[in-house]
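Results of the structural survey
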Amino acid sequence: MNEDIRIHSWPCSYYLESGKQWIPGRLSLTPLSIKFTADKTGELLVDFHLSAISEIKKESSNLIFSSLTILEKNTKHWFSSLQPNRNVVFNILEHFWREQLLESRGAGAEAGALRPSKGKELTGMLAGSQSRLEDTAKVLHYQGEQFDNIMKGLNKIEGDMDVADRLLTELESPSWWPFSSKLWKTPLELKPKETAAVSEPKNQEGMIIRIPVIITHRTDSNVKPGKLTLFASGLEISDCNCQVIHRFEARDVDDIRVHTPYEISVRQRFIGKPDTSYRLLSAKMPQVIPILDMQFSKKMQFLEDALGFVGARKSPQVDLGTSIWQAATGLLGGVVQPGSPSGSREGTDKEQVQLQQHEKVSQEEAKELKQILKKLKGLALETEAELERQDEALDSISSSVDRATLTIDKQNRRMKRLT
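Residues numbered from 1 in each chain as written. Predicted model: local features only at pLDDT ≥ 70, side-chain atom pairs only at ≥ 80, totals over all residues. Heavy atoms only, no water.

Under an unreviewed UniProt entry, the protein chain has the name Synaptosomal-associated protein 47 and belongs to Scytalopus superciliaris.

Note on placement: C12 falls in strand β1 (residues 8–16). Judged by its relative accessible area of 5%, C12 falls in the buried class. Taking the C-alpha atoms as reference points, C12 and S67, 55 residues apart in sequence, are found 9.8 Å from one another. In contact with C12, other than residues within four places in its own chain, are I23, P24, G25, L27, F36, F79, S80, S81 and L82. (Helix = DSSP H or I, 4+ residues; strand = E, 2+ residues; numbered from the N terminus. Buried < 20%, exposed > 50% of the residue type's maximum accessible area, 1.4 Å probe, protein only. Contact = heavy atoms within 4.5 Å.)

This part is about the sheet that holds strand β8 (residues 207–217). Read across the sheet, eight strands follow the order β11-β10-β9-β8-β14-β13-β12-β15 without closing on themselves; strand pairing throughout is mixed. The open sheet is flanked by β11 (244–249) and β15 (300–302), the only strands paired with a single partner. Direction aside, neighbouring strands of the sheet carry axes that sit 30 degrees apart on average. Across the sheet, helix α4 (residues 285–295) is in contact with β8, β9 (224–231), β10 (234–239), β12 (255–260), β13 (263–268), β14 (276–281) and β15; its angle to β8 comes to roughly 105 degrees. (Pairing = 2+ DSSP bridges. Axes fitted to C-alpha atoms, helices over the stretch in contact; angles between N-to-C directions.)

This next bit is on the pairing of β8. As judged from the eight bridges shared by β8 and β9, these two strands associate in the antiparallel manner. Bridged to V213 within β9 is G226. For β8 and β14, the ladder comprises four bridges, and the chain directions are antiparallel. Along β14, the bridge assignment pairs H217 with Y278.

Now for the nonpolar core. The biggest cluster of nonpolar side chains holds 30 residues, and the ones touching the most others in it are L27, L29, I34, L93 and F96. Elements with a minimum of two residues in this core: β1, β2 (21–29), β3 (33–38), β4 (44–49), β5 (53–61), β6 (65–72) and α1 (86–112). Among the elements that take part in this core, α1 stands out by supplying seven residues, more than any other. For this core, the domains that each give at least three residues are domain 1 (8–104) and domain 2 (207–308). (Core = buried A, V, L, I, M, F, W, Y, C linked by side-chain atoms within 4.5 Å. Domains from an automatic or database assignment.)

A separate point is the side chain of N85. Mapping N85 onto the fold places it in the loop between β7 (75–80) and α1. A polar atom in the side chain of N85 sits 3.1 Å from the backbone nitrogen of N87. Within the structure, N85 has its side chain in polar contact with the backbone nitrogen of V88 (distance 2.9 Å). (Polar contact = N/O pair within 3.5 Å; in protein donor to acceptor, adjacent residues only side chain to side chain.)

On the surface, L171, M415 and L418 cluster together into a nonpolar patch covering about 270 Å² of accessible area. Tracing the sequence through the fold places L171 in helix α2 (residues 118–172). L171 gets classed as exposed once you look at its relative accessible area, which sits at 55%. (Patch = residues over 30% accessible without salt bridge, like charges linked within 9 Å, V, L, I, M, F, W, Y side chains within 5 Å. Areas by Shrake-Rupley, 256 points an atom, 1.4 Å probe, with all protein chains shown as cover. Salt bridge = Lys/Arg side-chain N within 4 Å of Asp/Glu carboxyl O.)

So, about unusual backbone geometry. The residue after Q83, namely P84, is reached through a cis peptide bond having omega 10 degrees. Mapped onto the elements, P84 comes out in the loop between β7 and α1. One non-glycine residue, K20, lies in positive phi territory at about 50 degrees. Position of K20 relative to the elements: it lies in the loop between β1 and β2. In the Ramachandran plot, S81 falls in the positive-phi region, its phi being about 55 degrees despite a non-glycine side chain. Examined against the element boundaries, S81 turns out to sit in the loop between β7 and α1.

Here it is in structure tokens:
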């Protein structure tokens, strides 16, 4: 991810201690740092890392101006005249600062231990790939259930059209035709069985991922912290106390705009009343966007500042998992069998470098990697099989719809002749 990307910027004033004056300019937030640029000179007066911040507070300067102070090491920075207001800036800065602190503590814990071996690095990479494939499998499983329900509905429609066809035949037959009563009784006897066959199973959904977010409703200037939860059937926005603010079912979402890798907006359109729209900002949003892109591929809009995700969306995650599995399998082959047929002239300098790297992978790590690889391979194969099944289901649905359309046209023509 580009560390220089600008997540947000706000017009404000900065108190320059050396000149004892307020300087108008813009306060900018990037994924890793905070910057302030003066309007008149374009000079960068403030530039420090988020991890260097000790405290962010709301204060008043000279008992008049509402200000925001950021304590960076031993230096206190004052910002005032913040637009649209101080609370918005405070909530966003505090969110990214806290998320950066959590990441820094995690990295610090790893750095406090011994330097991670190649086996640990590979285990972490494969575990991340396994998590993404599990998310993909959940979404595909829900989509498969939806296709099954569509097929059951189409079968019910075909059964109803068979009934209508028989009734039309009854109406078209002359009064002296001896088999009229049988034609009337047949559909009535079959109808209860068809109705029982299309009873839909109770929908059981599972949570895919939940992240902290900063929420803006429609075009309101106020923001508040909350949480975004992704389900296989849709997404849910809640406050910090897990009270649901709004839930979007998958069918309700009309478009999702990706403004930056850290900010999206979700909208549901209505006729005759305002749209329901939420803008969501989060330091964890890059983890969510690939899942949203898979669930709502036709409804996703990547704006200019988020075009980096377009390349990622074109590569199927199944291929990613399979390629990682193949690469890691080759690596494990050298780890578990370091004395494999390399005793002759085939041992090039490149192979010697690889073997030096492989020496850092212990037998325990290799065993753990094998277990992860086994699960990863199974997930990839299951996901690929589910995709193939859904392709076949789509073809079947398309054929059923075409047949139903032709049948309805024929029945309409027959009805016109009868009337």
